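Here are the chains, one letter per residue:
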Amino acid sequence: MEYITKITKNEKINKWNGLTREQAFTLEKDCLTILNNNFECICNLKCSSHFPIIKELIEDKFTFILSNCGPDIKSYNKQNIEKMHINNINEQIDCIIHNLKKNKIINFDLSKNGKNICISKEGIISMIDFDMAVIDNNILSTQLQKYYDKQNKNNVYYDNCRKKLMIITKDFSNNI
Ligand SMILES: [Zn+2]
């Protein structure tokens, strides 16, 4: 397995999530730990995960060593990296939503340009970047509350997230 290093940005308060460096690091750590520990692949492919797997944490340096999920769709589009056909898109996305829902995790940081939706060389779809997130309705800042009010009004988050992932991934996959 290939690994990457991720360091939580050194800012007093991050303007996007309204969190201190420590809070943002802890939020992402908690999300990934929950997703890693309870991961259940419901795809026929039986993927090892659709989220980064924590190999190591260097807490005093706000550093993660994570499994490499591949570039995100935004980077593929930007850098003209060769695209690939993705098998079992519906199944993989259902699996991502299943795991998020089961663990009561919401990730607000997804957009139509394919940010934070990664595709590995093997065509495995993963969701990354959990520092604009909410676990079990525990909203840590006013910024996150705003995203929550916008994206999860009447509990529509998971349905909308599924639709969004389908559109982004299918566009990308057809676009060979
Ligand atoms: Zn799966």
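Here is what the cut-offs are and how they apply
Residues numbered from 1 in each chain as written. Predicted model: local features only at pLDDT ≥ 70, side-chain atom pairs only at ≥ 80, totals over all residues. Helix = DSSP H or I, 4+ residues; strand = E, 2+ residues; numbered from the N terminus. Buried ≥ 20, exposed ≤ 12 C-beta atoms within 10 Å, placed from the backbone. Contact = placed C-beta atoms within 7 Å. Axes fitted to C-alpha atoms, helices over the stretch in contact; angles between N-to-C directions. Parallel < 35°, antiparallel > 145°, perpendicular 65-115°, else oblique. Left-handed = near helix turned anticlockwise from the far one by under 90°. Nonpolar A, V, L, I, M, F, W, Y, C, P; charged D, E, K, R; others polar.

(A) Just the environment of W16, in detail. Among the structural elements, W16 can be located in the loop between β1 (3-7) and α1 (21-37). Judged by the 17 C-beta atoms lying within 10 Å of it, W16 falls in the partly exposed class. Sequence separation between W16 and M1 is 15 residues, and the spatial gap between their C-alpha atoms is 31 Å. When near neighbours in sequence (up to four residues on either side) are disregarded, W16 contacts M132 and Q143.

(B) Structural view of the packing of helix α3 (residues 89-102) against helix α5 (residues 157-174). Where α3 meets α5, the closest approach of the two axes is 10 Å, and the angle between their N-to-C directions is 150 degrees. Judged by the inter-axis angle, α3 sits roughly antiparallel to α5. At the point where α3 passes α5, the crossing takes the right-handed sense. Judged by residue contacts, I89, I93, I96, I97, L100 and K101 of α3 engage Y158, C161, R162, L165, M166, T169, K170 and S173 from α5. In terms of residue class, the contact of α3 with α5 is built from nine nonpolar, two polar and three charged.

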